[in-house]
Amino acid sequence: MKKTKVITTEDILLKLCQSVSTVLTSATQSNVAYSAMVQKITKTTLKPDFGCFVLFDGGFRG
């Protein structure tokens, strides 16, 4: 019997964080990291049904 793997929202978020971190690290030639915090925000709607808010923290140069 073949075992079905369930992909969760957290799995998708982790892949998105890894992808964005890789792209920004490459584009800026600087180390870019992400926080492991995921927060649900109620009474807010984004279109399409899957969306996110992004908060940048740290210093800016250039």
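To be clear, the structure that these remarks concern was listed above.
Read on for a plain summary of the structure. The shown structure was predicted, so the numbers you read here are calculated from the model rather than taken from an experiment.

Focus on the overall build of the chain
Here is step 1: What the chain contains, in helices and strands, is 1 helix and 0 strands.
Here is step 2: Taking all 62 residues of the chain together, 2% fall into the buried category.
Here is step 3: Carbon and sulfur atoms make up 60% of the accessible area of the chain, which totals about 6600 Å².

Quick word on a nonpolar patch on the surface
Here is step 1: A contiguous nonpolar surface patch, about 280 Å² in accessible area, is contributed by Ile7, Ile12 and Leu16.
Here is step 2: Note that Ile7 resides in the segment before helix 1 (9-28).

Quick word on the side chain of Ser21
Here is step 1: Along the chain, Ser21 turns up in helix 1.
Here is step 2: A distance of 2.7 Å separates the side chain of Ser21 from the backbone oxygen of Val32, its partner in a polar contact.
Here is step 3: Setting aside anything within four residues of it in sequence, one finds Ser21 in contact with Val32, Ala33 and Tyr34.

Concerning helix 1
Here is step 1: Between its first and last C-alpha atoms helix 1 spans 28 Å; for 20 residues at 1.5 Å apiece the expected length is 28 Å, and the two agree.
Here is step 2: Of the residues trailing helix 1, Gln29 is marked for its positive phi of about 55 degrees.

As for unusual backbone geometry
Here is step 1: In the Ramachandran plot, Gln29 falls in the positive-phi region, its phi being about 55 degrees despite a non-glycine side chain.
Here is step 2: Relative to the helices and strands, Gln29 resides in the segment after helix 1.
Here is step 3: Of the residues examined, Gln29 reaches a relative accessible area of 68% and is grouped as exposed.

The rules behind the values
Residues numbered from 1 in each chain as written. Predicted model: local features only at pLDDT ≥ 70, side-chain atom pairs only at ≥ 80, totals over all residues. Heavy atoms only, no water. Helix = DSSP H or I, 4+ residues; strand = E, 2+ residues; numbered from the N terminus. Buried < 20%, exposed > 50% of the residue type's maximum accessible area, 1.4 Å probe, protein only. Areas by Shrake-Rupley, 256 points an atom, 1.4 Å probe, with all protein chains shown as cover. Patch = residues over 30% accessible without salt bridge, like charges linked within 9 Å, V, L, I, M, F, W, Y side chains within 5 Å. Salt bridge = Lys/Arg side-chain N within 4 Å of Asp/Glu carboxyl O. Polar contact = N/O pair within 3.5 Å; in protein donor to acceptor, adjacent residues only side chain to side chain. Contact = heavy atoms within 4.5 Å. Expected span 1.5 Å × (residues − 1).

As far as function goes, none of this settles anything; it's purely spatial.
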